[in-house]
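Topology and contacts: notes
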Amino acid sequence: PPPFPEKLYQKETASSTTSNAPAWSYTDGFVGINSEVITAVGRDISSGYASCDVQGCASWIRSGKSSSHPSSPSYTALLERVYSDSGDITSAFAKTFHLGTQLMQEEKRRSIWAVYVWCRRTDEIVDAPRVEGEGRGMLDELAEWETRLEKLWSEGEIVDPLDLALLDTKIEYSNLEITPFSDMVMGMLMDVPGLGQDRYGTFDELHLYCYRVAGTVGLMSTPIFGVERGGKKGMEEAKEPALSLGVAFQLTNILRDVGEDAGRGRIYLPKEDMERFGVTEDQIMEKRMTKGYRDMMKFQISRARRYYKRARRGVRMLAPESRVPVQASLDCYSMILDKIEENDYDNFGLRAYVSKEEKMMTLPLSWYRCQDISKWLRLPGDEEEEAGKVIEGGN
C-alpha cells in the first residue's frame, strides 16, 4: 500500500522519531491490559518494550516500512513482537476464533489479531473491576480511548506499542473504515451499569446491541478477509452476511451465559420472548428450569441458527483463501448451540463447552462446505438462509 503522506498524517520535527503523540512509558502499562489479561496470557504483555523506539517505529510504518531505513531491522522486530503478543491475547480469550485464524495467510491472520486486541482492550476498559476513588473513571478512559482511535485513523498517531499493529493493519487495508470501531464503543456503553441497558424489551433492541458489540467485528474483518468480487460493490454485498455472523456469535454467547449474566444482574433475553413463553425475571434470577424456559431456549436457538445460515451465504463471497477459516469459525462456534441442547437447555448450572478435539474434528466438514461440490451435494442441515429473508422477531 502507499505510505501515509507525512505532511498530512504526522506533524514531526526534523527528528524522525519525534511526534506530538502522548508519550508512553513502560510504567504506564497498556490501556485495557489489566491483571485479568496478564493472568490469562500468562505474562505481562508490556514487559520488554521499555527501551523500544515506539514512535520511531510508527513513523517507519507511516512512511511505507522502507527496508533501506537504518532502523528497519529493529522496527521490523518490534512490529513482529507486537503481532505475536496480539496473537497470544487472542488465543487466551477467543480460542475458537484463534483456531480459525490459524488457517489464514500470515498477513491476514496477524491483522485479524490486531483488530481483536483493539476490541478486547475496549471491552476491558468497560468491564474491568475498579476501586471507587482510585484511578480515572471508566467514562473518562473510554472517551480518551475513542479519541485515540480517531487520531490513529486521521493522523496515524499511536500511543503505546500495541497500537502499532492496528496502525499497520489500517494502512495495509485502506478500505478498513472507522465506523464499526466507533460503533463498538457505543455498544460497550450499553453494558455500563446505570448508563446502558441490563434489560431488553424487544429483539430489535437486542439486535442493535448485538450489532454494536459483535456485528461490528464482521465489518472490521471483511476488508482483511477480502472479497472475490472486487471493488466497492463486492464489499457491500458481503457486509450483510458478515453482520449476521457477528450477531449469530453474540446470540450464542447470550444463550450460553444466561446463568452467568443473571449473577451480574443482567438479562439479555427479550422481555417479549419471556412473556410469550411464561418466563419471569425472578425465575431467571433464581435459575429455575421449567418447560416454558426450555421452550423459550428452543426458540432462541432456532433464531440464532437462522443467523448462522444467513451468514453462510457470505462465505463464498470472500476471497478463496479466507473461506475455510471463516467457515471453520462459524461451524465451531455454532456447536455451542448443540451443547446447550445436549445439556437439556440448562444454561443456569451447566456451561456449554466444545472441546478442542471436537473443533478439530469439524475442520474437514468446514473445508468441504467451501468446495464447489457442496453447492449441489449438501451436508445435512446445510440449507442456506434466503437472501433478504426476515428472521422472526428480528431484522
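Residues numbered from 1 in each chain as written. Predicted model: local features only at pLDDT ≥ 70, side-chain atom pairs only at ≥ 80, totals over all residues. Heavy atoms only, no water.

Regarding its fold elements, the protein presents 17 helices and 0 strands. By the burial criterion, 52% of the 395 residues in the protein qualify as buried. Across the protein, the fraction of contacts at a sequence separation of at least 24, relative to all contacts at a separation of at least 6, is 73%. Surface exposure of the protein reaches about 18,000 Å², of which carbon and sulfur atoms provide 52%. (Helix = DSSP H or I, 4+ residues; strand = E, 2+ residues; numbered from the N terminus. Buried < 20%, exposed > 50% of the residue type's maximum accessible area, 1.4 Å probe, protein only. Contact = heavy atoms within 4.5 Å. Areas by Shrake-Rupley, 256 points an atom, 1.4 Å probe, with all protein chains shown as cover.)

Moving on to the pattern of salt bridges. On inspection of all chains with the given rule, the structure shows 33 salt bridges. Note that K339 and E342 form a salt bridge whose closest N and O atoms lie 3.6 Å from each other. With K339 and E342 both in helix α16 (residues 320-342), this residue pair falls 3 residues apart, about one helical turn. The exposure class of K339 is buried, given its relative accessible area of 13%. The exposure class assigned to E342 is exposed, which follows from its relative accessible area of 59%. Across the pair E358 and K339 runs a salt bridge, and its minimum N-O distance is 2.6 Å. On the criterion of sequence distance, the pair formed by E358 in helix α17 (residues 356-369) and K339 in helix α16 is long-range, its members being 19 residues apart. (Salt bridge = Lys/Arg side-chain N within 4 Å of Asp/Glu carboxyl O.)

Before going further, it helps to examine the packing of helix α15 (residues 291-315) against α16. Their axes nearest at 11 Å, the elements α15 and α16 cross at an angle of 170°. When the axis of α15 is compared with that of α16, the two are roughly antiparallel. Between α15 and α16, the contacting residues are I301, A304, R305, Y308, A311, R312 and V315 on the first element and R323, V326, Q327, L330, Y333, S334, L337, D338, I340 and E341 on the second. (Axes fitted to C-alpha atoms, helices over the stretch in contact; angles between N-to-C directions. Parallel < 35°, antiparallel > 145°, perpendicular 65-115°, else oblique.)

Looking now at α16. Over its 23 residues, α16 runs 34 Å from end to end, which matches the ideal 33 Å to within 8%, given 1.5 Å per residue. Counting buried positions along α16 gives 17 out of 23 residues, so the element sits mostly inside the fold. With its phi angle positive at about 60°, D344 sits one or two positions after the end of α16. (Expected span 1.5 Å × (residues − 1).)

Let us look at the environment of R306. With respect to the helices and strands, R306 occurs in helix α15. On the basis of relative accessible area, R306 is assigned to the buried category, the value being 18%. In this structure, the C-alpha to C-alpha distance between R306 and S244, residues 62 residues apart in sequence, is 9.2 Å. Looking at R306, its side chain comes within polar contact range of the side chain of S302, at 2.8 Å. (Polar contact = N/O pair within 3.5 Å; in protein donor to acceptor, adjacent residues only side chain to side chain.)

Purely spatial values, then, with no claim about function.
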